[in-house]
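So you can see what is in the structure, the chains are spelled out below.
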Amino acid sequence: MASLKILFLASEADPFIKVGGLGDVAGSLPNELRALPGHELDVRLIIPFHKGIQTDYLDIQREDVFTIPRDGGDMPVQVFRTDLRGMPVYLISGSPVVGRPYENAAADGEKYTFFSLAALEFSRRSGWRPDIVHANDWHTASAIYAVRLMQDDLFWGGVKTVMSVHNLCFMGAGSEESLFAYGLPPINDPKVPVWGHHVPMPLGLWAADRIVAVSPSYAEEIQTPEYGCGLEKFLRSRRDIISGIVNGIDYSIWNPLHDDALTFNFSLGDIEARASNKAALQTHFGFTVDPNIPMLAMITRMDQQKGVDITVEALRSIPEVSWQAVLLGTGNPDLEAAVRRLEADFPQRVCAVIRYDGKLSRQIYGASDVLLMPSRYEPCGLAQMIAMRYGCLPLARATGGLRDTIADSRTGFLFTDSSPAIMAATIRRATATFANADQWRAIQHAAMSENFSWATSAEQYAALYINLTTK
Ligand code: ADP
């Protein structure tokens, strides 16, 4: 039986505040770790007290007040405590923690350097010495670097570090001045490109005892020029400490049998009930109500990464194929405009919904036949796992976590090249399969039977923690 203390740092965590997949992970994984049978993992979550966090429904107490040193004057820190299903959650407040989680490079650099160092100092002041500091993405990478710098310190000496990479492309450039001001000097290691000597993500990757990418494929990909964002050579030099663990989804939140957003609830033993959801959605969007027309969907941040432009061109190129499409998302104005143009050109069969809408997203997962995810890169991806759970088959580019969670022709449809023509050919393949009801039902059955619950991922993280602390 392992008994370990883990300080889990993140920039966002559902249900306090969520911007993307990282929020889902930080909101689920710490408690899953605590609940693992056979271990005693005392995981504590610590996040910034962003202004967007609704406090009305939270039981919050002020836990500590102190200062941390910075050039130009000490910075006051306030720490508040609340609970999430029995787990202590600490919220750090101070003058750099303003606005939304992500604002602009300089403000974010100051906010997350302050947060990372304040989190460590709070841990030290409260006498709770973690065995492991687990940081996530660039925002909290400086904490790992700071722990490395403090290895001669009585409190921090011997504390191990784990750095999870949810998205390597965002490195925290713009933090340089803040790092310096808070006393974190640049590194001078020729293995790291010079531009990275004073940037949080490379510093965290340099200092960490273990690096975890959010899928095994992404763990490999970040060591290649195509996905390594300039750090591939350096990461190859650290390949022995890099592994990949796929994220899970919270099965209590994503369950078509109990999802209030759905017009008709259903389960694996009762997939036929989905047809009523599809008819309801076809009516809602003003489409022809016909179970035999495959309904394609995209639910995504509208970002270059997600290949929204590839979807638009692919659909344009196959007007003779029978399909309807609903595209839900918001983000890059050019991509939003491209989706709107597609709707204008195909008003009978395309609906563009340009907003964030959690309820509608659930109705789409529970009604449409195919979820399109032609991502240029996808560290893990949650949408494809949610879709499978809801009997909607993913059609995706074979990259990162998509490659690791979808089996071509068994639980979904995969294609390799980032090209509209190849995607269009794959849509043809999927719609041809859809025309064969038995074959489609078999794939739906396999997809819904997959297990993407957090327990599996949490076991792998626990094994990594134990391995790291028993060496
Ligand atoms: P990423 O974290 O890169 O945005 P993921 O696939 O890991 O991508 O997670 C995306 C999550 O956000 C999914 O739960 C998806 O349903 C949700 N989502 C994305 N865009 C929207 C939207 N416009 N409305 C509702 N939910 C959305």
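Residues numbered from 1 in each chain as written. Predicted model: local features only at pLDDT ≥ 70, side-chain atom pairs only at ≥ 80, totals over all residues. Heavy atoms only, no water.

Asks: If you had to explain the state of the cysteines to someone new, which residues and values would you point to?
Replies: Per the stated rule, a full pass over the model turns up 0 disulfides. The structure places no disulfide on Cys-169, whose sulfur is separated from the nearest cysteine sulfur, that of Cys-229, by 3.4 Å. For the unlinked cysteine Cys-392, the closest cysteine sulfur is that of Cys-351, found at 16 Å. (Disulfide = S-S within 2.5 Å.)

Asks: Tell me about the site of the ligand, residues and numbers included.
Replies: Around the ligand there are 18 residues in total, and Gly-21, Arg-301, Lys-306, Arg-355 and Tyr-365 lie nearest to it. Arg-301 is positioned with one of its side-chain polar atoms (N or O) 2.7 Å from an oxygen atom of the ligand. Interatomic distance of 3.1 Å between a backbone N/O atom of Ala-383 and an oxygen atom of the ligand. When the ligand is considered free in solution it has 570 Å² of accessible area, and contact with the protein chains removes 91% of it. Residue classes in the shell around the ligand are distributed as 7 nonpolar, 7 polar and 4 charged. (Near = heavy atom within 4 Å. Polar contact = N/O pair within 3.5 Å; in protein donor to acceptor, adjacent residues only side chain to side chain. Areas by Shrake-Rupley, 256 points an atom, 1.4 Å probe, with all protein chains shown as cover. Nonpolar A, V, L, I, M, F, W, Y, C, P; charged D, E, K, R; others polar.)

Asks: Please provide a residue-by-residue account of unusual backbone geometry, values included.
Replies: The omega torsion across Asp-14 and Pro-15 is 10 degrees, close enough to zero to call that bond cis. Along the chain, Pro-15 falls in the loop between strand S1 (2-9) and helix H1 (21-35). Within the chain, Asp-137 stands out as a residue other than glycine whose phi angle is a positive 60 degrees. If you trace the backbone, Asp-137 turns up in helix H3 (residues 137-149). With a phi close to 50 degrees, Cys-229 is a non-glycine residue in the positive phi region. (Helix = DSSP H or I, 4+ residues; strand = E, 2+ residues; numbered from the N terminus.)

Asks: Quick one: what's the story with the environment of Ser-317, residue by residue and with numbers?
Replies: One can find Ser-317 in the loop between helix H9 (308-316) and strand S11 (324-331). Taking relative accessible area as the criterion, Ser-317 reaches 42% and is therefore assigned partly exposed. Residues Ser-317 and Ser-267, spaced 50 residues apart in sequence, show a C-alpha to C-alpha distance of 35 Å. Within the local environment of Ser-317, its side chain forms a polar contact with the backbone oxygen of Ala-314, the two atoms lying 2.7 Å apart. (Buried < 20%, exposed > 50% of the residue type's maximum accessible area, 1.4 Å probe, protein only.)

Asks: Account for the pairing of strand S4 (residues 75-84), with residues named and values stated.
Replies: Strand direction decides the pairing type here: strand S3 (residues 61-68) and S4, joined by 7 bridges, are antiparallel. Directly across from Phe-66, in S4, lies its bridge partner Val-77. The antiparallel hairpin formed by S3 and S4 contains 6 residues in its connecting segment, where Gly-72 sits at a positive phi of about 95 degrees. When S4 meets strand S5 (residues 87-93), the two strands line up antiparallel, connected through 7 bridges. When the sheet's bridge partners are listed, Gln-78 is paired in S5 with Ser-93. (Pairing = 2+ DSSP bridges.)

Asks: Explain the layout of surface pockets to me, and be specific about the residues and the numbers.
Replies: In this structure, the second largest pocket encloses a volume near 390 Å³. Forming the walls of the second largest pocket are 19 residues, and the residues nearest its centre are Lys-278, Pro-291, Asp-369, Phe-434 and Arg-441. Secondary structure elements with two or more residues in the lining of the second largest pocket: helix H8 (274-285) and helix H15 (437-449). Broken down by element, the lining of the second largest pocket gets its largest block of residues, 5 residues, from H8. Of the residues in the lining of the second largest pocket, the class split is 10 nonpolar, 3 polar and 6 charged. (1 Å grid on protein atoms, 1.4 Å probe; cavity = no way out; pocket = protein on both sides within 12 Å on 5 of 7 lines; lining within 4 Å. Points joined across faces, edges and corners; volume = space filled by probe spheres on them.)

Asks: Provide a residue-level description of the domain arrangement of the protein, including the pertinent values.
Replies: Annotation of the protein at the domain level lists domain 1 (2-248 + 455-470) and domain 2 (268-450). The C-alpha-based centres of domain 1 and domain 2 are spaced at 34 Å. Between domain 1 and domain 2, the residue contacts involve 18 residues of the former and 15 residues of the latter. When the two sides are added together, the surface that domain 1 and domain 2 hide from each other amounts to roughly 1,200 Å², 56% of it contributed by carbon and sulfur. Among the residues of domain 1 in contact with domain 2, Ser-217, Tyr-227 and Val-246 are the three that bury the most area, contributing 32% of the side total. Our enumeration of links across domain 1 and domain 2 arrives at 0 salt bridges. Our count for the contact surface shared by domain 1 and domain 2 stands at 8 residue pairs in polar contact (both at pLDDT 80 or more). Counting only elements with at least two residues in the side of domain 1 that touches domain 2, the list comes to H1 and helix H6 (216-221). Considering each element in turn, the side of domain 1 that touches domain 2 owes the most residues, 4 residues, to H6. Its residues placed into classes, the side of domain 1 that touches domain 2 shows 7 nonpolar, 7 polar and 4 charged. (Domains from an automatic or database assignment. Contact = heavy atoms within 4.5 Å. Buried area = accessible area lost by both parts, 1.4 Å probe. Salt bridge = Lys/Arg side-chain N within 4 Å of Asp/Glu carboxyl O.)

Asks: Got a sec to walk through the sheet that holds S3? Specific residues and values, please.
Replies: Ordered by their spatial adjacency, 9 strands build an open sheet running S3-S4-S5-S2-S1-S6-S7-S8-S9, and the pairing between neighbours is mixed. Bordering the open sheet on either side are S3 and strand S9 (242-244), each of which pairs with just one other strand. Strand-to-strand twist of the sheet, defined as the mean angle between neighbouring strand axes without regard to direction, takes the value 25 degrees. Taken together, the 5 bridges between strand S6 (residues 132-136) and strand S7 (residues 160-165) define a ladder with parallel strand orientation. Across the sheet, the residue bridging to His-134 is Val-162, located in S7. Set on the sheet, helix H2 (residues 105-125) makes contact with S1, strand S2 (39-48), S3, S4, S5 and S6; between it and S3 the angle comes to about 110 degrees. (Axes fitted to C-alpha atoms, helices over the stretch in contact; angles between N-to-C directions.)

Asks: Which residues make up the packing of H8 against helix H11 (residues 358-365), and what are the values?
Replies: Two quantities define a packed helix pair, namely the angle between the helix axes and the distance between the axes. For the pair H8 and H11, the least separation of the axes is 9 Å and the interaxial angle reads 125 degrees. By the angle class used here, H8 and H11 are oblique. Every residue of H11 that contacts H8 at Arg-274, Leu-281 and Phe-285 is listed here: Leu-360, Gln-363, Ile-364 and Tyr-365. Grouping the amino acids of the contact of H8 with H11 by side-chain chemistry returns 5 nonpolar, 1 polar and 1 charged. (Parallel < 35°, antiparallel > 145°, perpendicular 65-115°, else oblique.)

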